[in-house]
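# Commentary on secondary and tertiary structure
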Amino acid sequence: MEIQTSGRPIESLLEKVLCMNILSSDYFKELYRLKTYHEVIDEIYNQVDHVEPWMTGNCRGPSTAFCLLYKFFTMKLTVKQMHGLLKHPDSPYIRAVGFLYLRYVADPKTLWNWYEPYAKDDEEFSPGSNGRMTTMGVYIRDLLLGQSSSTRFQVHQKIANADMFLIITYFGGTV
């Protein structure tokens, strides 16, 4: 069963410039060779060291994480596959790409149901290229509230006010 989506077309999920850069990147074109969910997970494990949308340094192309995220967009992940990503024991970056996928693709009414079991997750990782550590729980809180400083992506989906109240209350009223 596929994840309940917002119904938005793939090309409208990311900012236009980022999307165009992903689709024209040599790295993304190389990803055509990956045919299965498991092959993409292996690529995340081997290649991703941050989940910002852009590469760091002078070469400002799309990051490997966002190229692989877009690859997942084209695969239309199932509920079972998403649970596999979110619970993956081998790398926090595999999990972070799963949470990003949901933030962009999932129906906003379902986000809290997906994120809530992980809201207090204390696995530490560095979502940005600056090496600053945070917990997965704080990372997903910031994704939900559109305050992720390390990913700096535009939040396209609005979360219902009732869900936002629930989220803020869950995190102790701090945003």
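Read on for a plain summary of the structure. (Residues numbered from 1 in each chain as written. Predicted model: local features only at pLDDT ≥ 70, side-chain atom pairs only at ≥ 80, totals over all residues. Heavy atoms only, no water.)

Tallying secondary structure elements over the protein chain gives 9 helices and 2 strands in all. Going residue by residue from the N terminus, the α and β elements of the protein chain occur as α-α-α-α-α-α-α-β-β-α-α. Per-residue burial for the protein chain yields a buried fraction of 50% across its 175 residues. Put simply, 67% of the contacts in the protein chain that link residues at least 6 apart link residues at least 24 apart. Put simply, the protein chain shows about 8,800 Å² of open surface, and 51% of that area lies on carbon and sulfur atoms. (Helix = DSSP H or I, 4+ residues; strand = E, 2+ residues; numbered from the N terminus. Buried < 20%, exposed > 50% of the residue type's maximum accessible area, 1.4 Å probe, protein only. Contact = heavy atoms within 4.5 Å. Areas by Shrake-Rupley, 256 points an atom, 1.4 Å probe, with all protein chains shown as cover.)

Here the focus is helix α8 (residues 136-145). Burial analysis of α8 places 9 of its 10 residues in the buried class, which makes it a mostly covered element. Inspection of α8 places Met 136, Gly 137, Tyr 139, Ile 140, Arg 141, Asp 142, Leu 143, Leu 144 and Leu 145 among the buried residues, and these make up the whole buried set. At the C-terminal side of α8, Gly 146 shows a positive phi close to 70°.

Honestly, it's all geometry; don't read function into it.
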